[in-house]
Amino acid sequence: MRFVQKNTLYLIVALLLTTQWCCSQSLIGRWKTVDDETGKEKGVVEIYERNGVYYAKIVEIFETEHKNKKCVLCSGDDKDKPFLGLVIIRGLKKHEGEFNGGTVLDPKNGKHYKCYIKFESNDKIKIRGYIGVPLLGRTQYWYRVKNSK
């Protein structure tokens, strides 16, 4: 009986620590993007929150040939906007350990896809853009930019 109580106590402590770790993660901040096809670092995206809804915009572009490009293939309000400053994720909400319900814009083709973001670790997130169901899509991993201050 004492063995069962001890294991139950360990389980409760482990669950509390896991919950604390999970809930202490913040999506808000700057993230280095990596192209899922080439593995090249592309730039930095800033994720921010307004009224419980998460967005992301491009704040730095590493490839000089893309720094002054505009989203000519985009439609609506994003049409012909510069890539730098372009909001590429809109409408995500936190739900059961992931951020979902929003869309991601691929500036290369101007198309919007459903998306979700999930933490892989405190400094690595998985972004999945898809059509219809998550099985039909692409995944990128972004890495937290740590301040040098």
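Quick notes on the rules
Per chain, the residues get numbers from 1 upward, laid out in the order the sequence is written. Only residues with pLDDT of at least 70 get local features here, since the model is predicted, and only at 80 or more are side-chain atom pairs given and counted; chain-wide, interface and lining totals rely on the full set of residues. No hydrogens and no water enter the side-chain calculation; it runs on all heavy atoms of the structure. Under the scheme used here, helices are H or I runs from DSSP no shorter than 4 residues and strands are E runs no shorter than 2 residues, and both carry numbers assigned from the N terminus. Any residue under 20% of the maximum accessible area for its type is buried, any over 50% is exposed, and the rest in between are partly exposed; the area is computed with a 1.4 Å probe on protein chains only. The contact rule is simple, with two residues in contact once any of their heavy atoms fall within 4.5 Å. Any pair of Phe, Tyr and Trp rings, taking the six-membered ring for Trp, is counted once the centres come within 6.5 Å. Such a pair is stacked with planes under 30 degrees apart, edge-to-face with planes over 60 apart, and tilted for the rest. Counting as a charge over the ring demands two things of the Lys NZ or Arg CZ atom: a distance within 6 Å of the ring centre and an angle within 35 degrees of the ring normal. When DSSP finds at least two bridges between two strands, those strands are taken to pair. For this document, the term salt bridge refers to a Lys or Arg side-chain nitrogen within 4 Å of an Asp or Glu carboxyl oxygen.

Visitor: Which residues make up the overall build of the protein chain, and what values go with them?
Guide: Counting secondary structure elements, the protein chain contains one helix and eight strands. When the helices and strands of the protein chain are read in sequence order from the N terminus, they spell out α-β-β-β-β-β-β-β-β. For the protein chain, the residues scored as buried account for 32% of the 149 residues in total. The contacts in the protein chain between residues at least 6 apart in sequence include a share of 37% that link residues at least 24 apart.

Visitor: I'd like a description of the packing of aromatic side chains, backed by residues and values.
Guide: Two aromatic rings are characterised by how far apart their centres lie and by the angle between their planes. What the rule picks out here adds up to five aromatic pairs. Geometrically, the ring pair formed by W31 and F119 is edge-to-face, given 6.3 Å between the ring centres and 65° between the ring planes. Of this pair, W31 sits in strand β1 (residues 29–34) while F119 sits in strand β6 (residues 111–121), placing them 88 residues apart in sequence. No difference in accessibility class separates W31 from F119, as the two residues are buried. Ring geometry for Y48 versus Y55: centroids 5.6 Å apart, planes at 20°, classification stacked. For Y48, a relative accessible area of 16% puts it in the buried group. When its relative accessible area of 22% is taken as the criterion, Y55 is described as partly exposed. These aromatic residues form a ring-pair network of at least three members: W31, Y54, F99 and F119. Across from the ring centre of Y141, 4.7 Å away, lies the NZ or CZ of K124, which sits over that ring.

Visitor: A description of the pairing of strand β5 (residues 98–106) should follow, citing residues and the corresponding values.
Guide: For strand β4 (residues 87–95) and β5, the ladder comprises five bridges, and the chain directions are antiparallel. Bridge assignment links I89 to a residue of β5, and that residue is V104. In the sheet, β5 pairs with β6 via eight bridges, with the strands oriented antiparallel. From the neighbouring strand, D106 faces β6, where its bridge partner is K111. With antiparallel pairing between neighbouring strands as the criterion, β5 and β6 make up a hairpin whose turn holds four residues, including G110 at a positive phi of roughly 75°.

Visitor: Can you explain the pattern of salt bridges? Please cite residues and give values.
Guide: Applying the stated criterion to the full structure yields 11 salt bridges. Notably, a salt bridge pairs D123 with R144, separated by 3.1 Å at the nearest N-O pair. Of the two residues, D123 is situated in the loop between β6 and β7 (124–130) and R144 in strand β8 (residues 137–144); the sequence distance between them amounts to 21 residues. Residue class for R144 comes out partly exposed when judged on its relative accessible area of 21%. A cluster of three or more residues bridged by salt bridges with shared partners is formed by D35, K40, K42, E63 and K108.

Visitor: Can you tell me about the pairing of strand β3 (residues 53–61), naming the residues and giving the values?
Guide: Here eight bridges tie strand β2 (residues 41–50) to β3, and the two strands are oriented antiparallel to one another. Residue pairing in the sheet places I47 in a bridge with A56 of β3. With three bridges joining them, β3 and β4 adopt antiparallel strand pairing. Residue pairing for β4: K57 is matched across the bridge by V87.

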